[in-house]
Amino acid sequence: MQAAILWPWGYEAMTRYPWEFLAFIAVMALLLSPITWIRAKSLGQRKDNAASRSKSGQRRQNKASRQ
Amino acid sequence: MVKISAYQLFAITSMFQLGTTLIFAFGASAGRDAWIAALLSSGLGSVLIGMYTLLQKMHPGQTLVEWFTCEFGRWLGTPLAWLYPLVWIYDAGRGVADLKFLLPSTILPGTPAWILVGSFLLLILYFLFSGIEVICRLGGMIFPVLAALFSIEILLLLSSGMHHFSYLQPVLGEGWGRVWKAVWPLGITQSFGESIELAMIWTLLASPKRLMGINLAATLNAGIVITLFDVLAIIVLGEKIFVREYFPLIQTLKQVSLAEFIENLDVMFVIYLFLSTFFKISLHMYMSVIAVKQLIRIRNPKWLMVLFAAVTFFVGMTMAKNMPEHTTVAFKTLPNFIWLPLFIVLPVLLFLVSLVRRLLAKRRYA
């Protein structure tokens, strides 16, 4: 039992509790997903800031808001 | 911009699908009808791969991990996309475990497995640092070498007179039951379903219109080679030894004896083992690295490669204590509980959602 919990990819877990490994990678995927969301948000903000800092970016934003 | 030629994609797809399948008997549970299971698996595998390429056609310029966020949105699509690199690292670990058990039992019996596997992974790491262009170019170079090796093996086996075609009879003597058991889900997912991984690099193909053709040709090629080697192993070893042996290919090659001069061709097995595992582990690791690179949007993935190599080594070294444990998991647990949901259920769901959304959009704009 202990080995199955510690090593979800081990023989004991894979044969006794075959769904455990899928559950393990699903939990890992859920835990890692926020990194994607945070990175996407921070990169988006950085792009917005860079665009608003440059004159051409400001012009583009003004044009977009007029439309 | 890196581009992959049609030939390079054909070569790496074929080699990826062949992988270590030839070393372990494909469809051994079907006994002397294993070759029928191999043919059937490659036929059904072609349909599955055809669906993957249609998914790529529906999402031009996007990779596998981007398909999920595109269709299911970021809240559901992102965790689903993360499942794939994680399972590819595990698959790379399985390649490492293959080496851990195969190398000491064939060559280098006195060398500790961790030294063999560790140095092998360092070599792979160096290879991965070179990038996808070098990986594909090397694939294009290795492919003819493997083809020549296979041709020589077949010629030598047939000319040494050790074969008995009667071992194949009676064909389907015990019905379709055991053939189907070998085909579904192991036969389809093991070699062919895994190819979904290559969708991470399909966007780099120089001629995207030829994607489906190249993939189907590669699948057909891999299917024919697997079938041929199944037939060879059965007609040389007979059904009982074919089913019992862990590595029927090495036993088959050991039978070659030509004019008492050309003998002990185990070396061919070792060359094939090194080439196939090297390529398969490299591709598993590379695809997981670029998937994570896209998911967390980093520029330099080299530290990820080092991290994944360490994780692969750890997973590979701790997953099984011996060969029977390793193969039991491969044949009984993985196809039903990991590969079936990830390589068939989720892609089919994604395909249906993509299709319905496109049909609805078409109707809206008509």
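Remember, predicted model here, so these are calculated numbers, not experimental data.

*Asks:* Would you explain the UniProt feature "transmembrane region" (unreviewed entry) in chain A in this entry?
*Replies:* The UniProt record marks residues 17-38 of chain A with the feature "transmembrane region" (unreviewed entry), using the residue numbering of this structure. Its end C-alpha atoms 34 Å apart, residues 17-38 of chain A is made of 86% helix and 0% strand.

*Asks:* How should I be thinking about the confidence of the model for chain B in this particular structure?
*Replies:* Caution applies to low-pLDDT parts of the model: their predicted coordinates are not meant to be read in detail. All names here are of chain B. Taken as a whole, chain B shows an average pLDDT of 89; of its residues, 100% reach a score of 70 or greater. Mean pLDDT across the secondary structure elements of chain B bottoms out at helix α9 (residues 248-254), with 81, and peaks at helix α11 (residues 302-318), with 94. Here the complex is predicted with pTM 0.90, and the ipTM for its interfaces comes to 0.86.

*Asks:* Honestly, empty space enclosed by the protein in this entry has me stumped. Any pointers?
*Replies:* To find leftover empty space, a probe the size of one water molecule is rolled over the atoms. Residue and element names in this part refer to chain B. Scanning all chains against the criterion turns up four cavities of 30 Å³ or more. Here the largest cavity defines a volume of roughly 280 Å³. Residue lining of the largest cavity: 18 residues in total, with T20, R94, D98, Q190 and W339 positioned closest to the centre. Here the lining of the largest cavity gets five residues from one element, more than from any other, and that element is helix α12 (residues 323-365). In terms of residue class, the lining of the largest cavity is made up of five nonpolar, eight polar and five charged. At the level of secondary structure, the elements contributing two or more residues to the lining of the second largest cavity comprise α7 (211-237) and α9. At five residues, the largest contribution of residues to the lining of the second largest cavity is made by α7.

Reading the values: the criteria
- Along each chain, numbering runs from 1 in the same order as the chain's sequence is written.
- Chain labels run from A onward and ligand labels from 1 onward, assigned in the order the entries are written.
- Predicted model: local features are reported for residues with pLDDT of at least 70 only, side-chain atom pairs are reported and counted for 80 or more only, and whole-chain, interface and lining totals are derived from all residues.
- Values reported for side chains reflect all heavy atoms of the structure, with hydrogen atoms and water molecules removed beforehand.
- UniProt positions are given in the numbering used here, feature names are shortened, and annotations may be inferred rather than shown by experiment.
- Helix and strand assignments follow DSSP, with helices taken as H or I runs no shorter than four residues and strands as E runs no shorter than two, numbered in order from the N terminus.
- Note: pLDDT gives the predictor's confidence per residue, expressed from 0 to 100.
- Think of a 1 Å grid over just the protein atoms. A cavity is a set of points where a 1.4 Å probe fits yet cannot get out, a pocket is an open set with protein on both sides within 12 Å along at least five of seven lines, and lining residues have an atom within 4 Å of a point.
- Grid points are joined across faces, edges and corners, and a volume is the space filled by probe spheres set on the points.
- In this count, Pro and Cys sit with the nonpolar residues alongside Ala, Val, Leu, Ile, Met, Phe, Trp and Tyr, while Asp, Glu, Lys and Arg are called charged and the others, Gly among them, polar.

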